[in-house]
Amino acid sequence: MTEDLKNVWKDWRLHAIVFVIVLLTEFIGIHKFSVGPGIILLLPMLYAILIGLGLYFTPIISEKQAKNAEPLIVLGVTLLIAKIGVIIGPSLEQIIAAGPALLLQEFGNLGTILFALPIAVFLGLKRESIGMTHSVAREPNVGLIIDKFGFNSAETRGVMAVYIFGTVFGAVFMGLISGFLATLTPLHPLSFAMASGIGSGSMMAAASGSLVAAFPHLENDIIAFAGASNLLSLSTGLYMSIFIGLPLTEKLYNVLSRVKDKNAATNKGA
Amino acid sequence: MLKNIQEWILILVIFGVIATFGNWVGFDVVPVAAIPGMLVLILICLAGLIIQKLIPVNIPSVAYIAIIGIVVSMPAFPGSAKIVEWTTQVNLLALATPILAYAGIAIGRSWTDFKKLGWRSLVVAVFVLLGTFIGSAIIAEIVLRMQGII
C-alpha cells in the first residue's frame, strides 16, 4: 500500500494531465439544452470523465497512470464527503426533521428489482438477472453475490455486468438523467436529491451536481439531502440486500421465469 | 503509520491544488479565498483517515470523515461559523470535476470488460439505475409531502 501510494503522488504526468483536463472543462462550463419539457445539463465533470476515458486510448496515458489514478479517486471522494459533512452540520436539524423520508426512501432501492427484473427475464436472461437486478451492484454487493453463489456462477456474471456498466457509465448516466427527470417530472428536486444517494460517491456527485445546476437556489439543501442519503445507503445498503433485496429478487425471479416458461409452452402449443 | 500520513497529505494536497484552480476557473473564487476552506477539508479527511487506522472496528474512513465534518460545522461547535464561511468558498462541483477526471482515466482499464457486455446487459443495467433512482424519489416525495416539508 505504502509503496503504491509513493508511486502515485510521484506520478506528476498524471496530475498534470488531470490539471489540464480540469482547467479546460471548468472553462467550458455548464451547458444546458431542452429536450421537450425537460432540461439536459452538461457539467464539467461529465466532460472530464469522457476526456479522461478518451485519453486512456492515446499514448498520453499509460496503463500505469490509469492504475495510479485509482487511489486519487478514493482520496478525492474523502474530500467530497468532508465538504458534504460541513454542509450537513449547519442544517442538521432540518435533516433530522426529514429523517423519516430519508430512511424510507432507502426502500426505493428495491425499485430496481420491480423495475429491472421483469425486463431482464423478458429479454431471456436466466439466473444472471438475479445478480443484475438485486441492487445497484456496487462493491459490497458484488462481494455479497460472489460469497453466496460462487465466483463462476451465472449470478456473479450478472452482478459484474451491472458493476462494470456502473463503473464506466454510472456517473455520466446519473448526471444526465437526474437533472432531466427533475425538470421533466412533477417530483420535487429534494426528492431527487435524496434519490441521488445510491451508495456511490461519483454517481451521487454527478446526480446531485446536475440538480444543483438546475436548481441553484436549493444548492445546500440538495447537497445535504443527497449526502445524508448516500451515507445511509453506504451503511444500510448491504443489509437491505441481504435481508430484503436478494430474497425478494430470487422469489420474484422464480415466479417470473415460471410465467415465461408457461407462456413459451402455450405459444408452442398454439 | 507516519509514512501513511505523509502520503495521504501529499495526495490530498495535490488534489486540493487541482480543485482550487478548477474552483477559480469555474466559479470565480480566487485561490487565496478558497485555500482556508480547502485546508479545513483536508484536515477533516486526515483526521478521519487516522481515526480509521487507530480504531480497530471495520468502519470505512468516509463514515468518520462525514461525522467529523458534521460535528465541526454544527452551530454549537466553537469556531464553526468560520469553518462554514471558509468551506463555502470551495464548491462541491469543483471537487467533483477532478474526481471524475481521474475516474475517467482509471475506467479505461474496465473498457475491455465493458465491450464484452451484450446489449441485453446494457438495457438491464440502465433500468437498474433508473429503478433505484425513481423508486427512491417517489418514496421521498410521498413522505416529504406527508410531513409537509415540500
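Quick note: structure is the one above.
Residues numbered from 1 in each chain as written. Chains lettered and ligands numbered in written order. Predicted model: local features only at pLDDT ≥ 70, side-chain atom pairs only at ≥ 80, totals over all residues. Heavy atoms only, no water.

Enquirer: Teacher, can you tell me more about the overall build of chain A here?
Expert: If you tally the helices and strands in chain A, you get 13 helices and two strands. Computed over the C-alpha atoms, the radius of gyration of chain A is 21 Å, within 12% of the 18 Å expected from 2.2 N^0.38 for a compact globule of 270 residues. Taking the principal axes of its C-alpha atoms as reference, chain A extends roughly 65 × 45 × 40 Å. Relative to its full complement of 270 residues, chain A shows a buried share of 58%. When contacts within chain A are restricted to residue pairs at least 6 apart in sequence, long-range pairs at least 24 apart make up 73% of them. In the form shown here, chain A has an accessible surface area of approximately 11,300 Å², with 68% of it arising from carbon and sulfur atoms. (Helix = DSSP H or I, 4+ residues; strand = E, 2+ residues; numbered from the N terminus. Rg over C-alpha atoms; globule rule 2.2 N^0.38 Å. Buried < 20%, exposed > 50% of the residue type's maximum accessible area, 1.4 Å probe, protein only. Contact = heavy atoms within 4.5 Å. Areas by Shrake-Rupley, 256 points an atom, 1.4 Å probe, with all protein chains shown as cover.)

Enquirer: How do you make sense of the overall build of chain B when you look at a structure like this?
Expert: When its secondary structure is counted, chain B shows seven helices and zero strands. For chain B, the succession of helices and strands along the chain, N to C, is α-α-α-α-α-α-α. Computed over the C-alpha atoms, the radius of gyration of chain B is 20 Å, more than 25% above the 15 Å expected from 2.2 N^0.38 for a compact globule of 150 residues. Expressed as lengths along the three principal axes of its C-alpha atoms, the size of chain B is roughly 50 × 45 × 45 Å. A separation of at least 24 residues holds for 61% of the contacts in chain B among residues at least 6 apart in sequence.

Enquirer: Sorry if this is basic, but what is going on with the environment of Tyr-163 of chain A here?
Expert: All names here are of chain A. Within the secondary structure, Tyr-163 sits in helix 10 (residues 154-184). The sequence separation of Tyr-163 and Arg-127 amounts to 36 residues, and the corresponding C-alpha distance is 16 Å. Sequence-distant contacts of Tyr-163, that is, excluding residues within four places in its chain, are made with Ala-137, Arg-138, Glu-139 and Val-142.

Enquirer: Help me out: how do you make sense of the pattern of salt bridges in this one?
Expert: Pairing between side chains of opposite charge can happen when their charged atoms approach one another. Applying the stated criterion to the full structure yields 10 salt bridges over all chains. Between Glu-128 of chain A and Arg-157 of chain A there is a salt bridge, and its shortest N-O distance comes to 3.5 Å. Pair noted here: Glu-128 of chain A is in helix 8 (residues 128-133) and Arg-157 of chain A is in helix 10, with a separation of 29 residues, a long-range link. According to the relative accessible area criterion, Glu-128 of chain A is buried, its value standing at 19%. Across the pair Glu-7 of chain B and Lys-3 of chain B runs a salt bridge, and its minimum N-O distance is 4.0 Å. Of this pair, Glu-7 of chain B and Lys-3 of chain B are both found in helix 1 (residues 2-27), four residues apart, which corresponds to roughly one turn of the helix. Judged by relative accessible area, Glu-7 of chain B falls into the buried class, the value being 2%. (Salt bridge = Lys/Arg side-chain N within 4 Å of Asp/Glu carboxyl O.)

Enquirer: Teacher, can you tell me more about a nonpolar patch on the surface here?
Expert: Taken together, the side chains of Leu-104, Phe-107, Tyr-239, Ile-242, Phe-243, Ile-244 and Leu-248 of chain A present a nonpolar region at the surface, about 650 Å² in accessible area. With respect to the helices and strands, Phe-243 of chain A occurs in helix 13 (residues 219-269). (Patch = residues over 30% accessible without salt bridge, like charges linked within 9 Å, V, L, I, M, F, W, Y side chains within 5 Å.)

Enquirer: Teacher, can you tell me more about the layout of surface pockets here?
Expert: By volume, the second largest pocket is sized at about 300 Å³. Lining the second largest pocket are 17 residues, with Arg-157, Gly-158, Met-160 and Ala-161 of chain A together with Leu-117 of chain B positioned closest to its centre. Those elements that provide at least two residues to the lining of the second largest pocket are helix 8 and helix 10 of chain A together with helix 6 (111-116) of chain B. Element by element, the count of residues in the lining of the second largest pocket is highest for helix 10 of chain A, at six residues. Residues belonging to the lining of the second largest pocket are distributed by class as follows: seven nonpolar, six polar and four charged. (1 Å grid on protein atoms, 1.4 Å probe; cavity = no way out; pocket = protein on both sides within 12 Å on 5 of 7 lines; lining within 4 Å. Points joined across faces, edges and corners; volume = space filled by probe spheres on them. Nonpolar A, V, L, I, M, F, W, Y, C, P; charged D, E, K, R; others polar.)

Enquirer: Is there a simple way to explain the interface of chain A and chain B in this structure?
Expert: Think of interface size as the accessible area that goes away when the parts come together; that is how it is often given. Each partner contributes residues to the interface: chain A has 106 residues there, and chain B has 87 residues. Taking both partners together, chain A and chain B bury about 8,600 Å²; carbon and sulfur atoms supply 83% of that area. Contact with chain B buries area across many residues of chain A, yet Glu-26, Leu-79 and Lys-83 of chain A alone supply 8% of it, more than any other trio. The tally of links between chain A and chain B comes to two salt bridges. A salt bridge links Arg-109 of chain B to Glu-63 of chain A; the shortest N-O distance between them is 3.1 Å. Taken together, chain A and chain B are joined by 15 residue pairs in polar contact (both at pLDDT 80 or more). When residues of the side of chain A that touches chain B are assigned to their parent elements, the largest contribution, 21 residues, is made by helix 4 (residues 63-88) of chain A. The class makeup of the residues in the side of chain A that touches chain B is 73 nonpolar, 26 polar and seven charged. (Buried area = accessible area lost by both parts, 1.4 Å probe. Polar contact = N/O pair within 3.5 Å; in protein donor to acceptor, adjacent residues only side chain to side chain.)

Enquirer: How should I be thinking about the packing of helix 1 of chain B against helix 2 (residues 31-54) of chain B in this particular structure?
Expert: When two helices pack together, their arrangement is given by the angle between their axes and by how far apart the axes lie. All names here are of chain B. Packing of helix 1 against helix 2 brings their axes to within 10 Å, and their N-to-C directions diverge by 150 degrees. Considering their axes alone, helix 1 and helix 2 lie roughly antiparallel with respect to each other. Crossing hand, helix 1 versus helix 2: right-handed. On helix 2, the residues that touch Asn-4, Ile-5, Trp-8, Ile-9, Leu-12, Val-13, Gly-16, Ala-19, Thr-20, Asn-23 and Trp-24 of helix 1 are Pro-31, Ala-34, Met-38, Ile-42, Cys-45, Leu-46, Leu-49, Ile-50 and Lys-53. Split into classes, the residues belonging to the contact of helix 1 with helix 2 amount to 15 nonpolar, four polar and one charged. (Axes fitted to C-alpha atoms, helices over the stretch in contact; angles between N-to-C directions. Parallel < 35°, antiparallel > 145°, perpendicular 65-115°, else oblique. Left-handed = near helix turned anticlockwise from the far one by under 90°.)

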